[in-house]
Amino acid sequence: MDILQAIIIGLVQGLTEFLPVSSSAHLIFAQQALGVADVGLTFDVLLHVGTLVAVFAYFYNDIINMINGFLLSLIDLKEGKFISEIKKDPYKKLAWLTILATIPVGVVGVLFNDLVEEMFTGLTIPAFLLLVTGCLLYISQRMNSGRINVQNMSTKEALIMGCGQAIAVLPGLSRSGTTIAAGLFAGLDKEFAAKFSFILSIPAILGAAIFQLKDLSGGSVEIGACIAGFIVAAVSGYLAISVLLKIVREKRLDIFAYYCWIVGLIVLVGSLIL
């Protein structure tokens, strides 16, 4: 892989990790189109770390407050004031809801990793599930915005979004699209559903990167290409978060539904014919 190919794949990773169009499907499409299917786990991990940097940069203050809230809640737990203090501090609550909502994807990743990886070898399944992503986005946009935010969010809504994230490990199902749609179905405020979806991506992406470390290999990617891909993934990921939050506020997710249907249909038909 040369630097230009690394930049293209980094751009695809950064944009599609957060825009609701499925990063896994687009990475499969892009790598096969560029003829670089075997990029090695080192490059793959670096791309994920790049998108992780994007989330940290965009939600820096929220994340720091959540970490502080989590640490303080451990003291509250020791002093027997855990529940009462959680209700008072939204960042303490958000930290624990994030942990709770991450459990489903962790379970799926550990128990079904090999089965999921087999689905990444072809184009048919990602293309079909991209059509499903489009349907989820289209239906969710026809629902009235709920009123649930961090103040009145319960474990029920957190687990619903967590299960949405767990299902989205399948190639073609957008992680952000599925979790946001799950949040809207559960009655969350649209902007908060998007924000919680992004925050929820942090342990998911970090966990996936750590899980891959045991099989780390260099592949055929040189250091310069790795650095270029990492930087592009981080910058484009940051821009994608900003764009999607604006689109959610303006209630215009339909454009991504149409996009998913068009791309999914083209790839699905092409994979069946060729």
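Up top is the structure these notes are about.
Because the structure is predicted, anything quoted here is derived from the model rather than measured. (Residues numbered from 1 in each chain as written. Predicted model: local features only at pLDDT ≥ 70, side-chain atom pairs only at ≥ 80, totals over all residues. Heavy atoms only, no water.)

J.: I tried to follow the nonpolar core on my own but got confused; where do I start?
T.: The nonpolar side chains of soluble globular proteins are, as a tendency, buried together. Met153, Leu188, Phe196, Leu244 and Phe256 are the most contacted members of the largest nonpolar core, which totals 51 residues. When residues in this core are grouped by element, the largest group, 9 residues, is from helix H11 (residues 190-213). For Phe256, the contacting residues outside a window of four places in its chain are Leu19, Pro20, Val21, Leu137, Leu244 and Ile247. In terms of nonpolar packing, the next biggest core, distinct from the first, is built from 12 residues, Val12, Val36, Phe43 and Ala233 among them. (Core = buried A, V, L, I, M, F, W, Y, C linked by side-chain atoms within 4.5 Å. Buried < 20%, exposed > 50% of the residue type's maximum accessible area, 1.4 Å probe, protein only. Helix = DSSP H or I, 4+ residues; strand = E, 2+ residues; numbered from the N terminus. Contact = heavy atoms within 4.5 Å.)

J.: Explanation requested: helix H9 (residues 155-167) in the structure shown.
T.: Working note: α-helix, 3.6 residues per turn, so residues spaced by three or four point in the same direction. For H9, with 13 residues, the first-to-last C-alpha span of 18 Å sits near the 18 Å given by 1.5 Å per residue. Among all positions of H9, only Glu157, Ala158, Met161, Gly162, Gly164, Gln165 and Ala166 are buried. (Expected span 1.5 Å × (residues − 1).)

J.: Sorry if this is basic, but what is going on with the pattern of salt bridges here?
T.: Where charged atoms from two side chains of opposite charge come close, those side chains can pair. This model, assessed by the stated rule, comprises 4 salt bridges. Its salt-bridge partner being Asp62, residue Lys195 comes within 3.3 Å of it at the nearest N-O pair. Pair noted here: Lys195 is in helix H11 and Asp62 is in helix H4 (residues 60-78), with a separation of 133 residues, a long-range link. The partner of Arg142 in a salt bridge is Asp254, with the nearest N and O atoms 2.7 Å apart. Highlighted residues: Arg142 in the loop between helix H8 (124-141) and H9 and Asp254 in helix H13 (residues 254-273), separated in sequence by 112 residues. Accessibility expressed as a relative area gives 45% for Arg142, which makes it partly exposed. (Salt bridge = Lys/Arg side-chain N within 4 Å of Asp/Glu carboxyl O.)

J.: I'm lost on the environment of Phe70 in this one. Help?
T.: Tracing the backbone shows Phe70 in helix H4. Taking relative accessible area as the criterion, Phe70 reaches 26% and is therefore assigned partly exposed. Contacts of Phe70, omitting those with residues within four sequence positions, involve Ala95, Trp96 and Ile99.

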